[in-house]
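Given next are the chains, with one letter for each unit.
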Amino acid sequence: MHVLIWQIESQQYAIDLKVVEYLFLAAETTPLPHASDEILGILNVRGQVIPVINMRKLLGFSEKSLDVTDHFILVHIDQGQVILWVDYVCKVKLFSKEEL
């Protein structure tokens with residue numbers, strides 16, 4: 001299985017590469033009034049408005065401002081698409097099922 005390794009602070013995480021559509025540097029989002037704390041805002045990507053998930057908040061890390069060196073990962077989920085806000089995208093790696 002190919003996974004995308006991404007990072008918040010010094011902690012690394014992985015996501016199945018099959019659900020990843022697009023990687024790009026972070027951009028300013030439009031706030032979404034009355035959204036949960038885990039939603040950073042929304043972003044228009046190729047004509048589609050997609051919610052941006054604050055992975056720092058979701059995983060219990062301290063808050064920080066969006067930085068131009070941060071990364072966005074556009075992924076497919078059952079309900080459509082979301083963008084994950086992460087500190088850094090590290091690499092793509094192949095793992096066997098035993099390693100996972």
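The preceding data block contains the structure.
Residues numbered from 1 in each chain as written. Predicted model: local features only at pLDDT ≥ 70, side-chain atom pairs only at ≥ 80, totals over all residues. Heavy atoms only, no water.

Enumeration according to the criterion identifies five salt bridges in this entry. Between D37 and K57 there is a salt bridge, with the nearest N and O atoms lying 4.0 Å from each other. Of this pair, D37 sits in the loop between β3 (20-25) and β4 (39-45) while K57 sits in helix α1 (residues 55-58), and the two are 20 residues apart along the sequence. Across the pair K64 and D70 runs a salt bridge whose closest N-O atoms are separated by 2.9 Å. Here D70 falls in the buried class, since its relative accessible area comes to 3%. Connected through salt bridges with shared partners, the residues E9, R56 and D87 form a single ionic network. (Salt bridge = Lys/Arg side-chain N within 4 Å of Asp/Glu carboxyl O. Helix = DSSP H or I, 4+ residues; strand = E, 2+ residues; numbered from the N terminus. Buried < 20%, exposed > 50% of the residue type's maximum accessible area, 1.4 Å probe, protein only.)

The next point concerns the sheet that holds strand β8 (residues 88-94). Reading across from one edge, β2-β1-β8 is the order of the three strands in this open sheet, with antiparallel pairing throughout. Lying at the two open borders of the sheet, with one neighbouring strand each, are β2 (11-16) and β8. Neighbour to neighbour, the strand axes of the sheet diverge by 30 degrees on average, direction disregarded. Looking at chain direction, strand β1 (residues 2-8) and β2 are connected through six bridges and run antiparallel. Paired with I8 across the bridge in β2 is Q11. (Pairing = 2+ DSSP bridges. Axes fitted to C-alpha atoms, helices over the stretch in contact; angles between N-to-C directions.)

For the rest of this paragraph, the subject is the pairing of β1. Counting buried residues in β1 gives six out of seven residues, a clear majority hidden from the surface. As paired strands, β1 and β8 are joined by six bridges and run antiparallel to one another. Each bridged residue has a counterpart across the sheet, and for Q7 the counterpart in β8 is Y88. Between β1 and the antiparallel strand that follows it, β2, lie two residues; E9 among them carries a positive phi value of about 50 degrees.

Quick look at the sheet that holds β3 now. The strand order β3-β6-β7-β5-β4 describes an open sheet built from five strands, whose pairing is mixed. Unpaired on one side and paired on the other, β3 and β4 mark the two borders of the sheet. Within this sheet the neighbouring strands show an average axis-to-axis angle of 30 degrees, counted without direction. Here strand β5 (residues 48-54) runs beside strand β7 (residues 80-86); their pairing, made up of three bridges, is parallel.

The full count for this structure, using the stated rule, is three aromatic pairs. Aromatic side chains W6 and Y13 sit 4.8 Å apart centroid to centroid with 25 degrees between the ring planes, which places their arrangement in the stacked category. A relative accessible area of 24% places Y13 in the partly exposed class. When the ring of Y22 is compared with that of F24, the centres are 5.2 Å apart and the planes differ by 35 degrees; the resulting orientation is tilted. You can call Y22 partly exposed: its relative accessible area is 34%. Its relative accessible area of 17% is what places F24 among the buried residues. By way of ring pairs, the aromatic residues Y22, F24 and F72 are connected into one cluster. (Phe/Tyr/Trp six-rings, centres within 6.5 Å; stacked < 30°, edge-to-face > 60°.)

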